[in-house]
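# Structural characterization, general
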Amino acid sequence: MKIDFEKEIKSVLDIVNSGIEKETEIVQTSEILETFLKAISEKTLDKIPADRIASANIKLSILNTNIGLKASEAVFQANMSYGFKKFEYASEWKPTKERISKAFGKATNDDVDSEIIKNQWETTKKEMELKLNADKLVALNKGIEGVMIALGYKLNSLRSEQINANRQK
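A few points on the structure. (Residues numbered from 1 in each chain as written. Predicted model: local features only at pLDDT ≥ 70, side-chain atom pairs only at ≥ 80, totals over all residues. Heavy atoms only, no water.)

## Some details on the overall build of the protein chain
Keep this limit in mind: Numbering of helices and strands starts at the N terminus; helices are DSSP runs of H or I of at least 4 residues and strands are runs of E of at least 2. We compute the radius of gyration from the C-alpha atoms alone; for a globule the expected value is 2.2 Å times N to the 0.38, where N is the number of residues. Buried means the residue's accessible area, taken with a 1.4 Å probe over protein chains only, is under 20% of the maximum for its type, while exposed means over 50%, and partly exposed covers the values in between. A contact between two residues is defined here by any heavy atoms of the two lying within 4.5 Å. In this description, accessible areas are obtained by the Shrake-Rupley approach with a 1.4 Å probe, and a residue is regarded as covered only by the protein chains that are shown.
Helix and strand counts for the protein chain stand at five helices and zero strands. The linear arrangement of helices and strands in the protein chain, starting from the amino end, is α-α-α-α-α. Taking 2.2 N^0.38 as the reference for a compact globule, 169 residues should give roughly 15 Å; the C-alpha atoms of the protein chain span a radius of gyration of 25 Å, well beyond that estimate. By principal-axis analysis of the C-alpha atoms, the protein chain measures approximately 95 × 30 × 25 Å. Within the protein chain, buried positions represent 34% of all 169 residues. For the protein chain, the proportion of contacts with a sequence separation of at least 24, taken over those separated by at least 6, is 77%. Accessible surface computed for the protein chain: about 11,100 Å², of which carbon and sulfur atoms make up 54%.

## As for the side chain of Asn57
Its location among the elements puts Asn57 in helix α3 (residues 50-104). For Asn57, a relative accessible area of 14% puts it in the buried group. In contact with Asn57, not counting residues within four places along its chain, are Met148, Leu151, Gly152 and Leu155.

## Some points on the side chain of Ser81
Mapping Ser81 onto the fold places it in helix α3. For Ser81, a relative accessible area of 11% gives the class buried.

## Observations regarding the packing of helix α2 (residues 24-41) against helix α5 (residues 121-168)
Helix-helix packing is described using two parameters, namely the angle between the two axes and the distance between the axes. Our working definition: In this description, a line fitted to the C-alpha atoms serves as the axis of each element, helices being fitted only across the stretch in contact, and the angle between N-to-C directions of two axes falls anywhere from 0 to 180 degrees. Working rule for handedness: look at the near helix, and if it is turned counterclockwise from the far one by less than a right angle, call the crossing left-handed; if clockwise, right-handed. Under the convention adopted here, Pro, Cys and the residues Ala, Val, Leu, Ile, Met, Phe, Trp and Tyr are nonpolar, Asp, Glu, Lys and Arg are charged, and Gly plus all remaining residues are polar.
Where α2 contacts α5, the axes come no closer than 12 Å and their chain directions differ by 35°. When you trace α2 past α5, the crossing you get is left-handed. For the pair formed by α2 and α5, the contact residues are Ile26, Thr29, Leu33 and Phe36 on the first element and Leu137, Leu140, Ile144, Val147 and Leu151 on the second. A per-class count over the contact of α2 with α5 returns eight nonpolar, one polar and no charged.

## Re the environment of Ala134
One can find Ala134 in helix α5. The exposure class of Ala134 is buried, given its relative accessible area of 2%. Spatially, the C-alpha atoms of Ala134 and Lys59 are 22 Å apart, while their sequence positions differ by 75 residues. Beyond its immediate chain neighbours, meaning those up to four positions away, Ala134 contacts Ala74 and Val75.

## Some words on the nonpolar core
Counted only if it meets this: We call a set of buried Ala, Val, Leu, Ile, Met, Phe, Trp, Tyr and Cys residues a nonpolar core when their side-chain atoms join them within 4.5 Å.
Residues Ile9, Phe36, Leu60 and Leu140 are the most contacted members of the largest nonpolar core, which totals 31 residues. Counting only elements with at least two residues in this core, the list comes to α1 (5-16), α2, α3 and α5. Of all the elements, α5 adds the most residues to this core, at nine residues. With residues up to four places along the chain from it excluded, the contact list for Leu60 reads Thr29, Ile32, Leu33, Ile144, Val147, Met148 and Leu151.

## Points about the pattern of salt bridges
Basically, it comes down to this: A pair is scored as a salt bridge if a Lys or Arg side-chain nitrogen falls within 4 Å of a carboxyl oxygen belonging to Asp or Glu.
One pass over the structure, following the stated rule, counts six salt bridges. For Lys85, the salt bridge goes to Glu127, with nearest N and O atoms at 2.9 Å. One end of the pair, Lys85, is in helix α3; the other, Glu127, is in helix α5, and 42 residues separate them in sequence. The residues Lys85 and Glu127 share a single accessibility class, namely buried. Between Glu122 and Lys125 there is a salt bridge; the shortest N-O distance is 3.2 Å. Within this pair, Glu122 and its partner Lys125 are both found in helix α5, separated by three residues, close to a single helical turn. For Lys125, a relative accessible area of 29% puts it in the partly exposed group.

Quick look at the structure:
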């Protein structure tokens, strides 16, 4: 199975550069990936020693675990924001209906919904921002896993070459 290592790295770096908050783990991951991307573009990937690739893979694994934890926290925040918005909606429904009825004589459910949704716009924007950040972290987490698999294949290839070279001696 052939893995396009360059494509894997570029897709992860696209996520990193998509406006995600640059926390330490993300910056370190980006630096490691940029090193490999440069080696691919300069056709020097085969000159990187196996122990350096293994070390990078271990570092990516640790960083990816931390990013996964941050992704979980971000998903939780987005879900809490959604829950808060629902609670806020329920709390505002009756007072909003009474206010509209008092002003216009009668309030339909659509009138009440429309008024509450207008008032919740800032909360909705914050919820969407939190959801987008969570989605980016989850995508980054999965993308790094793909790069780690590609690095694993590269390591296996190097080991096979070394075994074959030793047999030929």
